[in-house]
Amino acid sequence: MPDETPRFIITPDTKVGELLARYPQLEEVLVAISPTYQALRNPVLRRTVAKVATLRQVAKVGNVPLGELIGRLRSEVGLEPLADGPEESTAEEARPPWASAGAVVRTLDARPLIESGGHPLPQVIADLATLEPGQVYELLTPFVPAPLIDVAKGKGFVAYSSHEGPGLVRTYLSRPNTGNGR
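1. Some thoughts on the overall build of the protein
Then step 1. Within the protein, the regular secondary structure consists of 9 helices and 4 strands.
Then step 2. The order of helices and strands in the protein, counted from the N terminus, is α-α-α-α-α-α-β-α-α-β-α-β-β.
Then step 3. Within the span of the protein, comprising 182 residues, buried residues form 42% of the whole.
Then step 4. Contacts spanning at least 24 positions in sequence make up 68% of the contacts within the protein whose residues lie at least 6 apart.
Then step 5. Accessible surface for the protein amounts to roughly 9,700 Å². Of this, 54% is attributable to carbon and sulfur atoms.

2. With respect to the sheet that holds strand 4 (residues 168-174)
Then step 1. Spatially, the 4 strands line up as an open sheet ordered 1-2-4-3, and their pairing is mixed. Each of the sheet's edge strands pairs with one partner strand only, and the pair in question is strand 1 (104-109) and strand 3 (158-165). Neighbouring strand axes in the sheet, compared pairwise and without regard to direction, differ in orientation by 20° on average.
Then step 2. Pairing between strand 1 and strand 2 (residues 136-141): 5 bridges, direction parallel.

3. Some remarks on helix 9 (residues 146-154)
Note that an α-helix has 3.6 residues per turn; residues three or four places apart therefore point the same way.
Then step 1. Of the positions making up helix 9, those classed as buried are A146, P147, L148, I149 and A152.
Then step 2. Among the structural elements, helix 4 (49-52), helix 5 (55-62), helix 8 (121-128), strand 2, strand 3 and strand 4 are those in contact with the buried residues of helix 9.
Then step 3. Positive backbone phi, at 95°, marks G156, one or two positions downstream of helix 9.

4. Observations regarding the pattern of salt bridges
Where charged atoms of side chains with opposite charge meet at close range, the side chains can pair.
Then step 1. Here the structure, examined in full by the defined rule, presents 8 salt bridges.
Then step 2. For the salt bridge of E27 with R41, the shortest nitrogen-to-oxygen distance reads 3.2 Å. Residue E27 is located in helix 2 (residues 26-33), and its partner R41 is located in the loop between helix 2 and helix 3 (43-47); the two are separated by 14 residues in the primary sequence.
Then step 3. The buried category is assigned to E27, whose relative accessible area is 14%.
Then step 4. Judged by relative accessible area, which is 36%, R41 ranks as partly exposed.

5. Digging into the environment of I9
Then step 1. The residue I9 is located in the segment before helix 1 (16-22) in this model.
Then step 2. Take I9: its relative accessible area is 47%, and that puts it in the partly exposed class.
Then step 3. With 65 residues separating them in the primary sequence, I9 and R74 have C-alpha atoms 8.4 Å apart.
Then step 4. Residues within four places of I9 in sequence aside, it is in contact with T14 and R74.

6. Some details on the nonpolar core
Then step 1. If you look at the biggest cluster of nonpolar residues, it comprises 26 residues, and the most contacted ones within it are I10, L26, L69 and L73.
Then step 2. Not counting the four nearest positions on each side in its chain, L73 is found in contact with I10, L19, L26, V29, L30 and L55.

7. Regarding the side chain of E27
Then step 1. At 3.2 Å, the side chain of E27 forms a polar contact with the side chain of R41.
Then step 2. Discounting residues that sit within four places of it in the chain, E27 has contacts with L20, R41 and R46.

8. Some remarks on the confidence of the model for the protein
Then step 1. Mean pLDDT over the protein stands at 82; residues scoring 70 or higher make up 87%.
Then step 2. Within the protein, helix 3 has the poorest average pLDDT of any element, 74, and strand 1 the best, 96.
Then step 3. The model gives residues 1-5 a pLDDT under 50, and that stretch makes 1 contact with residues more than four places away or in other chains.
Then step 4. Below pLDDT 50 for its whole length, residues 85-90 participates in 12 contacts with residues either more than four positions away or in separate chains.

9. Some remarks on the environment of P112
Then step 1. Of note, P112 is situated in helix 7 (residues 111-115).
Then step 2. Accessibility expressed as a relative area gives 52% for P112, which makes it exposed.

10. Quick word on unusual backbone geometry
It is generally the case that most residues other than glycine have a negative phi and that most peptide bonds are trans.
Then step 1. Here N63, not a glycine, exhibits a phi torsion of approximately 55°, which is positive.
Then step 2. Residue classification places N63 among the partly exposed positions, given a relative accessible area of 41%.

The rules behind each value
Residues numbered from 1 in each chain as written. Predicted model: local features only at pLDDT ≥ 70, side-chain atom pairs only at ≥ 80, totals over all residues. Heavy atoms only, no water. Helix = DSSP H or I, 4+ residues; strand = E, 2+ residues; numbered from the N terminus. Buried < 20%, exposed > 50% of the residue type's maximum accessible area, 1.4 Å probe, protein only. Contact = heavy atoms within 4.5 Å. Areas by Shrake-Rupley, 256 points an atom, 1.4 Å probe, with all protein chains shown as cover. Pairing = 2+ DSSP bridges. Axes fitted to C-alpha atoms, helices over the stretch in contact; angles between N-to-C directions. Salt bridge = Lys/Arg side-chain N within 4 Å of Asp/Glu carboxyl O. Core = buried A, V, L, I, M, F, W, Y, C linked by side-chain atoms within 4.5 Å. Polar contact = N/O pair within 3.5 Å; in protein donor to acceptor, adjacent residues only side chain to side chain. pLDDT = per-residue confidence, 0-100.

This is the structure in structure tokens:
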């Protein structure tokens, strides 16, 4: 009897949790693509971040070209490549002038929290709420915290991430000045 289940489409906006629920075998493929994705084996991270993180965000976290990630996953489950392959650069952008260590008023090293299976989002959002326009918050993580950055941007913050070495990404977040003379 033919499979009546509708085909699951893998796109840049597919949530990682949904992808792995439908295709559990793709966990090994993701880990093979980037060691950063080992974190998906953490049950806490799997229940929290994987539910909201999209493949677009995961590509940034793993510093993997989005088209390569989507193409590999689709190929592994027998899907054709996307007609217009997603071509997003994962190259680091130039550091904006506001993202300087001298402007930082608060730093959170979230690496121990993440390594123990926690998520820094609640703490970071609470800390950002206390920032004055023009002040800079520094977040230290083992990878680019793309879902967290998207949440912060949705709240009006700007962000810049810099790979400082293996296991260290510095993300600067700021509430832009509104031109009121501050």
